[in-house]
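# Coordinate analysis (summary)
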Amino acid sequence: MGRQRGGRRAEGRSPRGDGGPVAGTYEIDTGTCELEEDPFDQQSWIVRINGEPSSHIDLGDPQALAFDYMRWISELVRSQWDSSSKLRILHLGGGACTLARAFASMYPEARQVVVELDGRLAVLVREWFDLPRAPLVRVRVGEARAVTETLTENSRDLIIRDVFAGNSTPRPLTTLEFTEHARRVLSPGGIYVVNCGGTPDLRGARAEAATIGAVFEHTAIIADPAMLKGKRDGNIVIAGSDVPIGTSSALASRLLGGGTQAHVWQDQQVRRFAESTTVLRDDVSSTAE
């Protein structure tokens, strides 16, 4: 794609000594991280983990979300809470902490914890992207399910699951049992949101929608129409709550803007979408990420 790349670096620090980002390939605990300059914006960076696109960061504007699914999640959250809300947010899956940076800007009173499996990646991201410091944004190194199971009941208002191994979410983070842990951790009125990597057969998305619908009274889906019709691979955002979500006309309007237009499905549509599949459950395999 013509992006300028630096050589392999052991520490991931700028040669200027300022700790800022430098294009290159870096060794991390789970493989490699490629940091690329965005050829269309000198203030933006693209992060790839083991070759897969993971994050996009705009250093000049933390609320600029280049990945459509992140913008959809942001719009859903904005439709539920205003900027003065003192949200307690848990991010399962860190990457470059793009959404954490965005929410720190949108919700100045928010307190966020980002759970990231890769400790080395967490260190690099803090060095490169000048994340807000604790208690605004705290990065906790650990496995997403194990951390969630230790959290106190009613201790979070928003949980965002964005964990991938390759192009799929580890099964232990998709099951009924794990979703029940997420529900336990959420406060009344809280929202559980997942980024589901969908394929044209939509089997995984239907199963996740069924599982979330089995735990939460209200559900919503956000995706582009082609994805929902099974015409291509892509991202499907699925959310659950004990209060109605995705019902705002302003949300529906905002989702039609941006790079990819998206539709929001409310609870009845989600349940029709999921009615032909079964709920995902734990099996005897390990729950490691």
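See the structure printed just above.
Another aspect to go through is helix α9 (residues 267-274). Buried within α9 are the following residues: Asp267, Val270, Phe273 and Ala274. In a view along the axis of α9, the buried residues occupy a sector of 125 degrees, so they form one face of it. Where the residues of α9 are buried, they touch α6 (203-215), β10 (218-223) and β12 (263-265).

Within strand β11 (residues 234-241), seven of the eight residues are buried, which leaves the element mostly enclosed by the surrounding structure. Judged from the eight bridges that link them, strand β9 (residues 186-198) and β11 form a sheet pairing that is antiparallel. Bridged to Cys196 within β11 is Ile236. As defined by bridge partners, β10 adjoins β11 across five bridges and the pair is classed as antiparallel. Pairing of Thr219 across the sheet is with Gly240, part of β11.

Keep in mind that most residues, glycine aside, have a negative phi and that most peptide bonds are trans. The omega angle of the peptide bond from Ala134 to Pro135 is 10 degrees, so this bond is cis rather than trans. As for its position among the elements, Pro135 is in the loop between α3 (119-129) and β7 (137-141). If you check the backbone angles, Cys97 has positive phi at about 60 degrees while not being a glycine. Judged by relative accessible area, which is 5%, Cys97 ranks as buried.

Calculation criteria
- Residues numbered from 1 in each chain as written.
- Predicted model: local features only at pLDDT ≥ 70, side-chain atom pairs only at ≥ 80, totals over all residues.
- Heavy atoms only, no water.
- Buried < 20%, exposed > 50% of the residue type's maximum accessible area, 1.4 Å probe, protein only.
- Helix = DSSP H or I, 4+ residues; strand = E, 2+ residues; numbered from the N terminus.
- Arc of directions from axis to C-beta.
- Contact = heavy atoms within 4.5 Å.
- Pairing = 2+ DSSP bridges.

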